[in-house]
Amino acid sequence: MVVAGAVDISTVKAAIVEKVEDRCDEWFSIAKCFYDSPEVGLQEVRAAAVLTAKLETEGFEVRRGLAGLTTAFRAEWGSAGPTIALLAEMDALPGLGHACGHNIIAAATLGAAVTLRHVLPTNAARIVVIGTPAEEQGIGKIELIRAGCFADVDFAMMVHPASKRQVIKMFLGLARIRFEFIGKAAHAAAHPEEGINALDAVIQTFNAINGLRQHLRQDVKVHGIITEGGSAPNIIPERASCFFYVRAEDLSQVEEVRRRIKACAEGAAMACGCRLSVQEDPRVLAPMVINRAFYRLYSKQLEYLELPEANAPIDRNMGSSDIGNVSRLVPTIHPHVPIGTGISIHTEEFARATVSEQGRAAVIEGAKSLALTAFELASCPRVREEILKEFTAH
Ligand SMILES: [Zn+2]
Ligand SMILES: [Zn+2]
């Protein structure tokens, strides 16, 4: 059904729900297909091929390979009206498969975009599906923004699976820093006086950061791993390295704590007599900008679908995502669709849940909610104005 002229909102909404249900096996099969052959960030070759082929068949104009990322893509349909981007994350986690449920995101986004294409007149909105690789590495959306792929986008949206149905959830800003210490190898028993122990510098860095924790703001989180710590106990480690994430509610605090952590490593290098090289990732993940008017529009669709939201705090158990960077550029929503109570994200159990009956329900809920929200955005100038007013005032 294509709606022309005066739009009867309730008729179209009913058509959206019906069309998503008509093809729900097809959308869920995408989530299952990605689950069966998970691909980590920047290697989402099959996933991008499956999504772009499907969108092309449905009449979307597809561009593959954007911003120097071979698995990024953009598929467009529609000739006029607001440009509404539906984002498709596709990457899995190393060793854990789709333990963040990005297979559900891609399937829901595809279902929503194809449904809109069959329901809207071509001049109602430009529906743009953006394939955003490597969310787990915090790369895809930042590079796509830098390359101007969001320049003509008016509104952006996606859903993410979680243990609860939650419309608003905040994200912390995040910066990354790597340290490499260079010392001097020596026999650990026979000639230790000739060695300079790079692993000691790593350990002292961790200890200094742990001392710093007492003085950090409550919202600040610092966590790190040792990425190299020597090759054998009887060799003084010549080279050792570590990798830290710094998170906080605002970017100035993220940068301030990153600076203090760097000072911890510099102090450790000096104490141990090592050379230090520092790598600060210029890609910083921004905290999520919450647009309440936009989220209200999504909540309205949940009410329409009779799907009650969980009563969960929006500022606990926060992670970070490159969707935060998109939210600073254009009004953006990132609601959670439930795939099973009490299941923790980034676990094998979570990956299995994405292909369970609840995973199927999450794909259908996501496709319906996104399509309904996009439809109302496209058909209600007043709602768009309200969202943009809030965005500009931020
Ligand atoms: Zn994740
Ligand atoms: Zn995720």
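Preceding this paragraph is the structure being described.
Residues numbered from 1 in each chain as written. Chains lettered and ligands numbered in written order. Predicted model: local features only at pLDDT ≥ 70, side-chain atom pairs only at ≥ 80, totals over all residues. Heavy atoms only, no water.

1. Let's talk about the coordination of the zinc ion (ligand 2)
Under ideal tetrahedral coordination, the four donors around a metal are separated by 109.5 degrees; under ideal octahedral coordination, the six donors are separated by 90 or 180 degrees.
Part 1: Summarising the metal site, the zinc ion (ligand 2) is bound by the protein donors Cys100 (SG), His102 (NE2) and His160 (NE2), whose distances to it range over 2.1 to 2.3 Å.
Part 2: Read in sequence order, the donor residues for the zinc ion (ligand 2) give the motif C-x1-H-x57-H.
Part 3: Separating the zinc ion (ligand 2) and the zinc ion (ligand 1) is a distance of 3.3 Å, and cysteine 100 donates to both of them. Taken together, the residues histidine 102 in helix 4 (residues 102–119) and histidine 160 in strand 6 (residues 160–162) connect sequence positions 58 residues apart. Neither residue differs from the other here; histidine 102 and histidine 160 are each classed as buried. (Donors = N, O, S within 2.8 Å, 3.2 Å for Na, K, Ca; no water. Helix = DSSP H or I, 4+ residues; strand = E, 2+ residues; numbered from the N terminus. Buried < 20%, exposed > 50% of the residue type's maximum accessible area, 1.4 Å probe, protein only.)

2. Focus: the packing of helix 1 (residues 9–22) against helix 11 (residues 357–379)
Part 1: The interhelical angle for the contact between helix 1 and helix 11, taken along N-to-C directions, is 150 degrees, at an axis separation of 10 Å. Of the possible angle classes, the one that applies to helix 1 and helix 11 is roughly antiparallel. The interaxial crossing formed by helix 1 with helix 11 has right-handed handedness. Contact with helix 1, carried on its side by Ile9, Val12, Lys13, Ile16, Val17, Val20 and Glu21, involves Ile364, Ala367, Lys368, Ala371, Leu372, Phe375, Glu376 and Ser379 of helix 11 and no other residues of that element.
Part 2: Per-class residue counts for the contact of helix 1 with helix 11 are ten nonpolar, one polar and four charged. (Axes fitted to C-alpha atoms, helices over the stretch in contact; angles between N-to-C directions. Parallel < 35°, antiparallel > 145°, perpendicular 65-115°, else oblique. Left-handed = near helix turned anticlockwise from the far one by under 90°. Contact = heavy atoms within 4.5 Å. Nonpolar A, V, L, I, M, F, W, Y, C, P; charged D, E, K, R; others polar.)

3. Some remarks on the pattern of salt bridges
Part 1: The final tally for this structure, using the stated rule, is 30 salt bridges.
Part 2: Linking glutamate 89 and lysine 141 is a salt bridge whose minimum nitrogen-to-oxygen distance equals 2.6 Å. Of this pair, glutamate 89 sits in strand 3 (residues 83–89) while lysine 141 sits in helix 5 (residues 140–146), and the two are 52 residues apart along the sequence. As far as the burial class goes, glutamate 89 and lysine 141 line up, both buried.
Part 3: Through salt bridges with shared partners, a single ionic network connects Glu143, Arg146, Arg176, Asp281 and Arg283. (Salt bridge = Lys/Arg side-chain N within 4 Å of Asp/Glu carboxyl O.)

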